[in-house]
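Listed below are the residues making up each chain.
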Amino acid sequence: MSVLLETSIGDIVIDLYTDEAPLTTRNFLKLCKAKYYNFTIVHRVERGFVVQLGDPTGSGNGGESIFGVLGGPKYFQPEIQSALKHKRGTVSMAAMDDASGTGLLVSGSQFFITLGNNLDYLDGKHAVFGEVAEGWDVLDKMSASICDSSGRPLSDILVRHTIILHDPFPDPKGMAVLAPSSPLLPSAEQQQILRVEAGDSLDPAENDEAREQRGREQEAKAQVLTLEMIGDLPYADVKPPENVLFVCKLNPVTRDGDLETIFARFGRILSCDIIRDRATGDSLGYAFIEFGAKEACEEAYFKMDNVLIDDRRIHVDFSQSVSRVDGRWVRTKMARGNDIDAVGGRGRSRLQMKRRYRDNNLSGESRNTSSFDFVFDSPKDHSSDRDGQSRARARSRWDEA
């Protein structure tokens, strides 16, 4: 199960541990479904340690669970399992002490994403419920943010939208009223806490047309990443092959072999497929021709457009389909699991190169038990570099006094 967080600096895909943490993931999914996180900000960044978000007030003291939003208990006790470890890209619930004085930790809507390794002191103290699958470059941008004394980025990093790929949990009573049927706009309270949104141009010379174009490009990137999540694209920045020609307006009597013979004059052909109806086998009037060389494909494009074949003037163009890149790869992956390299050079080793899959200064303050925070048995150094070597740094407000 995955959720896409569309932020103002890029998109992050989170894989959820629905089996290991059903209550916590259900709370997170239902908050996403209710668009609770829309227009919230990343309100705290500890470089190389964590980013924290999910508070609609932006203060670090707000937020409530889906059960509280529906009129029930404001907070809930998440599943904390020592078997789920914290490493770079781990997604966990932020926690605070239960107001009843029982010593239990409760959570609402706030969560954090870890930015480094060697975070074993968080294990067993926070509810891990997912991990980042894609968007590592976005995490790096968040970690590099310039922040104020409270850890909030000076340029706001905004969660614009959340997209749920699949929700396995039934909706709680009253959820139908919360889930919006149309896009939301930021509330007046949310607009008041915003500074300058990250990614916004501060150039006064930028006109409305340029600003609108930039917005369309960002939206297109988010839509492409959604197609990657659901498996329609092998990777977000996939491009159609340059050696495949699209041929249409074919006569239904034209056969694959005849078409291949005609186009073979331009160079070696790897495949020539006329697309046919699956039920009847009749030609649909178009085909894809894959050449062995890009130059042969280009020559055929310039010389074969509007040529008469079987009493029909055909039209040729460069293929814009990625099915020639990914179609057989997807089918083989489903059939053979990870053994997907024996597909004529279109295997996993090629496709995964371009995917973004998982890779393997403040004075000390007393901990505020009324806000979501980190809990430790003893003061520890939170910071670690990417190679797993610890480095000293100033105590943060997350350290226990």
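Residues numbered from 1 in each chain as written. Predicted model: local features only at pLDDT ≥ 70, side-chain atom pairs only at ≥ 80, totals over all residues. Heavy atoms only, no water.

**Observations regarding the packing of aromatic side chains**
To keep it simple, the criterion reads: Pairing of aromatic rings covers Phe, Tyr and the six-membered ring of Trp, with a centre-to-centre limit of 6.5 Å; geometry is then stacked below 30 degrees between planes, edge-to-face above 60, and tilted otherwise. Numbered from the N terminus, helices here are DSSP runs of H or I no shorter than four residues, and strands are runs of E no shorter than two. Three labels apply to residues, based on accessible area from a 1.4 Å probe with only protein chains included: buried if under 20% of the type maximum, exposed if over 50%, partly exposed otherwise in between.
The final tally for this structure, using the stated rule, is 13 aromatic pairs. Summarising the aromatic geometry, the rings of Phe-246 and Phe-288 are spaced 5.5 Å apart at their centres and angled 50° between planes, so their arrangement reads as tilted. Placement of the pair is Phe-246 in strand 13 (residues 244–248) and Phe-288 in strand 15 (residues 283–291), with a sequence separation of 42 residues. Their ring planes at 50° and their centres at 6.4 Å tell us that Phe-263 and Phe-266 sit as a pair that is tilted. The same class applies to Phe-263 and to Phe-266, which are both buried. Connected via pairs of aromatic rings, a cluster forms that spans Phe-28, Tyr-36, Tyr-37, Phe-111 and Phe-129.

**Quick notes on the environment of Gly-151**
Counted only if it meets this: Note on contacts: a residue pair qualifies if any of its non-hydrogen atoms lie within 4.5 Å across the two residues.
Tracing the sequence through the fold places Gly-151 in the loop between helix 3 (136–143) and strand 10 (155–156). Under the relative-accessibility criterion, Gly-151 is labelled buried at 8%. Considered as a pair, Gly-151 and Arg-47 are 104 residues apart in the sequence and their alpha carbons are 9.3 Å apart. Sequence-distant contacts of Gly-151, that is, excluding residues within four places in its chain, are made with His-43, Arg-44 and Val-45.

**Overview of the sheet that holds strand 15**
Quick reminder of the rule: Paired strands, in this sense, are two strands between which DSSP finds at least two bridges. To define axes, lines are fitted to C-alpha atoms, for helices over the stretch in contact only, and angles between the resulting N-to-C directions are given on a 0 to 180 degree scale.
With antiparallel pairing, 4 strands are arranged side by side in an open sheet as 14-15-13-18. Because the sheet does not close on itself, it has two edges, and the strands there are strand 14 (269–276) and strand 18 (315–318). Here the strands of the sheet are splayed against their neighbours by 20° on average, with no regard to which way each runs. In the sheet, strand 13 pairs with strand 18 via 4 bridges, with the strands oriented antiparallel. Within strand 18, the residue paired with Val-247 across the bridge is Val-316. Across the sheet, helix 7 (residues 256–263) touches strand 13, strand 14, strand 15 and strand 18, and the angle it forms with strand 14 is around 140°. Set on the sheet, helix 8 (residues 294–304) makes contact with strand 13, strand 15 and strand 18; between it and strand 18 the angle comes to about 150°.

**Here we look at unusual backbone geometry**
When glycine is set aside, most residues are seen to have a negative phi, and most peptide bonds are trans. For Phe-39, which is not a glycine, the phi torsion comes out positive at approximately 70°. Within the secondary structure layout, Phe-39 lies in the loop between helix 1 (22–33) and strand 3 (40–46). We note that Lys-249 has phi near 65°; this positive angle belongs to a residue other than glycine. Tracing the chain through its elements places Lys-249 in the loop between strand 13 and helix 7. Classification of Lys-249 as exposed rests on a relative accessible area of 54%.

**Focus on the nonpolar core**
The condition is simple: Only buried Ala, Val, Leu, Ile, Met, Phe, Trp, Tyr and Cys residues count toward a nonpolar core, and they belong to the same one when joined by side-chain atoms within 4.5 Å.
In terms of nonpolar packing, the biggest core is built from 36 residues, with Phe-28, Phe-111 and Met-142 touching the most fellow members. Apart from residues lying up to four places away in sequence, Phe-28 is in contact with Val-3, Ile-14, Leu-16, Tyr-37, Phe-111 and Phe-129. Formed by 19 residues, the second largest nonpolar core is a distinct cluster that contains Ile-269, Cys-272, Ile-289 and Ala-300.

**Looking at the sheet that holds strand 9 (residues 128–134)**
The 8 strands lie next to each other as 1-2-9-5-8-4-3-11, forming a closed barrel whose pairing is antiparallel. Ignoring which end each strand starts from, the neighbouring axes of this sheet average 35° apart. By the bridge criterion, 3 bridges tie strand 5 (residues 90–93) to strand 9 in an arrangement that is antiparallel. In the sheet register, Val-91 faces strand 9, and the bridge partner there is Gly-130.

**What about helix 3?**
For clarity, the threshold we go by: What the arc measures is the spread of directions leading from the helix axis to the C-beta atoms.
Every buried residue of helix 3 is listed here: Trp-136, Val-138, Leu-139, Met-142 and Ser-143. One side of helix 3 carries all its buried residues, which in axial view fall inside an arc of 155°. Against the buried residues of helix 3 lie strand 1 (2–7), strand 2 (10–16), strand 3, strand 4 (50–53), strand 8 (111–114) and strand 9.

**Some thoughts on the environment of Lys-239**
Mapped onto the elements, Lys-239 comes out in the loop between helix 6 (208–229) and strand 13. Relative accessible area serves as the criterion here: at 63%, Lys-239 is assigned to the exposed category. In this structure, the C-alpha to C-alpha distance between Lys-239 and Val-322, residues 83 residues apart in sequence, is 6.9 Å.

**A few points about the side chain of Arg-88**
How we decide: Any pair of nitrogen or oxygen atoms within 3.5 Å is treated as a polar contact; in protein, a donor-acceptor pairing is required on top of that, and neighbouring residues in sequence qualify only through side-chain atoms on both sides.
Positionally, Arg-88 belongs in the loop between helix 2 (66–69) and strand 5. Under the relative-accessibility criterion, Arg-88 is labelled buried at 15%. At 2.9 Å, the side chain of Arg-88 and the side chain of Asp-140 are in polar contact.

Nothing here speaks to function; it is all geometry.
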